[in-house]
Number of protein chains: 2
Amino acid sequence: MTSLAKTDRPDPDTANLSPSVAARHACRAGMATTTAGVANGFVQGNLVILPEKLAAAFHRFCQLNPKPCPIIGMSDVGDFRIPSLGLDLDIRTDLPRYRVWRDGEVVEEPTDIMARWRDDLVAFVIGCSYSFEEALLADGLPIRHIERKLRVPMYRTNIACGAAGPFAGPMVVSMRPFKPADAIRAVQITSRFPSVHGAPVHLGHPHAIGIADIDKPDYGDAVPVGDDEIPVFWACGVTPQSVIAAAKLPFAITHAPGLMLVTDLQNKSLAVL
Amino acid sequence: MTSLAKTDRPDPDTANLSPSVAARHACRAGMATTTAGVANGFVQGNLVILPEKLAAAFHRFCQLNPKPCPIIGMSDVGDFRIPSLGLDLDIRTDLPRYRVWRDGEVVEEPTDIMARWRDDLVAFVIGCSYSFEEALLADGLPIRHIERKLRVPMYRTNIACGAAGPFAGPMVVSMRPFKPADAIRAVQITSRFPSVHGAPVHLGHPHAIGIADIDKPDYGDAVPVGDDEIPVFWACGVTPQSVIAAAKLPFAITHAPGLMLVTDLQNKSLAVL
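The shown structure was predicted, so the numbers you read here are calculated from the model rather than taken from an experiment.

Cut-offs used in this document
- Residues numbered from 1 in each chain as written.
- Chains lettered and ligands numbered in written order.
- Predicted model: local features only at pLDDT ≥ 70, side-chain atom pairs only at ≥ 80, totals over all residues.
- Helix = DSSP H or I, 4+ residues; strand = E, 2+ residues; numbered from the N terminus.
- Rg over C-alpha atoms; globule rule 2.2 N^0.38 Å.
- Contact = placed C-beta atoms within 7 Å.
- Nonpolar A, V, L, I, M, F, W, Y, C, P; charged D, E, K, R; others polar.
- Least-squares fit on C-alpha atoms with pLDDT ≥ 70 in both.
- Pairing = 2+ DSSP bridges.
- Axes fitted to C-alpha atoms, helices over the stretch in contact; angles between N-to-C directions.
- Parallel < 35°, antiparallel > 145°, perpendicular 65-115°, else oblique.
- Buried ≥ 20, exposed ≤ 12 C-beta atoms within 10 Å, placed from the backbone.
- pLDDT = per-residue confidence, 0-100.
- Expected span 1.5 Å × (residues − 1).
- Arc of directions from axis to C-beta.

Quick look at the overall build of chain A now. Check the secondary structure of chain A and you find eight helices and 11 strands. Since a compact globule built from 273 residues should have a radius of gyration of about 19 Å, the 19 Å found for chain A is in line with a globular shape. By its C-alpha atoms, chain A is 65 × 45 × 35 Å across when sized along the principal axes. A sequence separation of at least 24 residues applies to 77% of the contacts in chain A between residues at least 6 apart.

And the structure:
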């Protein structure tokens, strides 16, 4: 009778979970696929984990570069919890897939980091464009890479980030093409969300920010830009990974691109106006 | 002694006038030059005066087209005062120069319209880009035509205004070139000022809005657009004059372009955020 009852209806312990908590529990249970479209309405974040001796410099780097690196949550030293982003959140297990970096190279892409966790590690969670994309879609703006089920195209630019300790290098940007009137609306909408990259950093002239070929992104997938469209560029949370690689940092852990931390914050709560 | 005293110091009746009231008094006394740079900080307006039988349709036209035609003040029928814009304002005398239109043609450009005023006329005052230009300059953005002491370039577009009665036709836009990051900032700043045209209506692709040659504006002066710049287009208060001409209206009075009504409103009071 007990086992029949369990199959007849969902376990009451999980049935009433918020979609964001359910997403993290799914990751703990082994989900290792993209979080795009998961727990719609909830804020997702980029992850950077560093040893304490590098964390202060990285924190200054984020302070200097709030557009690519807006911090939405941060752990205490050695603490794998970030209660402000989710009471039960465990940063060691709650992302689908991680990247372990040594000397600036990805050496491993595990689905949890239980075996890599250390008492000196600090976790930073950085805002992600999924949040402002929700606001753009809600306003009726078409987003090319979502329509085509591709990853957003991302580019290393010639825009230098402010440097802090070993953290230095070019800003990475994501690109979305829009008709001109929609580009103007996109500036307005994303200006309301400074904690998830905010307003664009550039539009219209890819060469001016060091992008030689718009059809060859450094990360993600290429999308076409129409003759009557404007490529619009936002600062991107992949910037820290580019910087970790350039600085050849001895040790770091990040999320795998597109496989983010799902938090209990709501996207709409991030709007400043 | 009395006359000596008068030359020694300004007339106390005018010395303490607000710059905006002083500007209107100067117009009454014969000033017939541009109001660009006059009474900085105070809102200037485009003027449209129509017979009552056309005024209701024009009012609907403005309602339908708030970006080119944001109404900031309006008179009662036959009343030459608009106290909300200035307690002593007399719309018949307080602009530097007027245009009298008959059958869609300018037939006269007098410095006052005392002889043309009628008991059936209604005056509309429409927001002007001088207000948002002040906010752009205050933020440190360079404005090309101001730097070069030229009039802003304006273009008839293929963007159709919403039609109301005889009022119909294409939107007129003004253009200011900016570096891309400044263009983004300009969208943010002007979005705060919906009553003076608000955010741009277009950027980047002049041909897409029917502008064949950016170097040949339909009104004002051409300004150069650099290869690393984006032309940014705002709806323009000259639109009603274009529409009056196209509709061949039997009678209308407007301001002469660039020679505006100076009001007692302050530009900063127009910011919605």
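Moving on, we get to the interface of chain B and chain A. With 18 residues of chain B at the interface, the matching set in chain A holds 18 residues. Only α7 (180-191) and β8 (202-203) of chain B provide two or more residues apiece to the side of chain B that touches chain A. For the side of chain B that touches chain A, the element with the most residues is α7 of chain B, which contributes seven residues. Across the side of chain B that touches chain A, the residue classes tally to 12 nonpolar, five polar and one charged.

Right, let's talk about the relation of the copies chain B and chain A for a bit. Note that the two copies of the chain are related through a rotation about an axis and a translation along the same axis. Rotating chain B by 180° and moving it 0.0 Å along the rotation axis overlays it on chain A with an RMSD of 0.0 Å. Interpreted geometrically, this transformation is the action of a two-fold axis. It is Gln-188 of chain B whose C-alpha, among those of chain B, lies nearest the rotation axis, at 3.2 Å. Comparing interface residues between copies, 100% of those in chain B also lie at the interface in chain A; the contact surface is shared.

Note: strands within a sheet are paired through backbone hydrogen bonds, in either parallel or antiparallel orientation. Residue and element names in this part refer to chain B. A sheet is described by the order of its strands in space; here four strands give the open sequence β6-β7-β9-β8, paired in antiparallel fashion. Both outer strands of the open sheet, β6 (154-160) and β8, are each paired with one neighbouring strand and no more. Where strand β7 (residues 170-178) lies against strand β9 (residues 230-235), six bridges are found, and the strand directions are antiparallel. The residue bridging Phe-178 from the neighbouring strand is Ile-230, located in β9.

A few words now on the packing of helix α7 (residues 180-191) of chain A against α7 of chain B. Interaxial distance between α7 of chain A and α7 of chain B falls to 9 Å at its minimum, and their mutual angle equals 75°. With respect to their mutual orientation, α7 of chain A and α7 of chain B come out roughly perpendicular. Residues Ile-184, Val-187, Gln-188 and Ser-191 of chain A of α7 of chain A pack against Ile-184, Val-187, Gln-188 and Ser-191 of chain B of α7 of chain B. Considered class by class, the residues forming the contact of α7 of chain A with α7 of chain B number four nonpolar, four polar and no charged.

Residues and elements named next belong to chain B. Assignment of secondary structure puts Cys-236 in the loop between β9 and α8 (239-246). For Cys-236, a count of 30 C-beta atoms within 10 Å corresponds to the buried category. The spatial distance from the C-alpha of Cys-236 to the C-alpha of Ala-160 is 13 Å, given a sequence separation of 76 residues. Other than its neighbours up to four places away in sequence, Cys-236 contacts Pro-68, Met-154, Val-172, Val-173 and Ser-174.

With that out of the way, let us pick up helix α5 (residues 129-138) of chain B. Residues spaced three or four apart along an α-helix point in a common direction, a consequence of the helix completing one turn every 3.6 residues. Residues and elements named next belong to chain B. Counting buried positions over the 10 residues of α5 gives seven, a clear majority of the element. Ser-129, Tyr-130, Ser-131, Phe-132, Glu-133, Glu-134 and Leu-136 are the residues of α5 that are buried. Looking at the packing, one finds that the buried side of α5 touches β1 (42-51), β5 (121-127), α6 (144-147), β7, α7 and β9. Downstream of α5 by one or two residues, Gly-140 has phi in the positive range, about 90°.

What follows deals with the confidence of the model for chain A. Residue and element names in this part refer to chain A. Per-residue pLDDT for chain A averages 94, and the proportion of residues at 70 or more is 95%. Across residues 1-11, confidence stays below pLDDT 50; counting only partners more than four residues off in sequence or on other chains, it has two contacts. As scored by the predictor, the complex reaches a pTM of 0.88 and an ipTM of 0.82.

Right, let's talk about helix α4 (residues 52-64) of chain A for a bit. Residue and element names in this part refer to chain A. Here α4 spans 19 Å end to end across 13 residues, near enough to the 18 Å set by a 1.5 Å rise per residue. Along α4, the residues that are buried comprise Leu-54, Ala-55, Phe-58, Phe-61 and Cys-62. Down the axis, α4 shows its buried residues gathered within 120° of arc, on one side only. Those residues of α4 that are exposed and aimed more than 90 degrees away from the buried face are Lys-53 and Gln-63. Looking at the buried positions of α4, the neighbouring elements they touch are β1 (42-51), β2 (71-74) and β5 (121-127).

All names here are of chain A. Across the 10 residues that make up β1, a large majority, nine, are buried. Strand direction decides the pairing type here: β1 and β5, joined by seven bridges, are antiparallel. Looking at the pairing, Gly-45 lines up with Gly-127 of β5. Pairing analysis gives two bridges linking β1 to strand β10 (residues 252-255), with the strands arranged antiparallel. Counted as the bridge partner of Val-48 is Thr-254 from β10.

All names here are of chain A. Mapping Met-175 onto the fold places it in strand β7 (residues 170-178). Between the alpha carbons of Met-175 and His-202 there is a distance of 9.5 Å; along the sequence they are 27 residues apart. Apart from the residues within four sequence positions on either side, Met-175 is in contact with Pro-153, Tyr-155, Pro-231, Val-232 and Phe-233.

As summarised here, the arrangement of the four strands in space is β6-β7-β9-β8 (chain A), forming an open sheet in which the pairing is antiparallel. Among the strands making up the open sheet, the edge pair consists of β6 (154-160) and β8 (202-203) of chain A.

All names here are of chain B. Within the secondary structure, Trp-117 is located in the loop between β4 (105-108) and β5. Look at Trp-117 and you get partly exposed, because 17 C-beta atoms sit within 10 Å. Counting along the chain gives 95 residues from Trp-117 to Ala-22, while the straight-line C-alpha distance between them is 23 Å.

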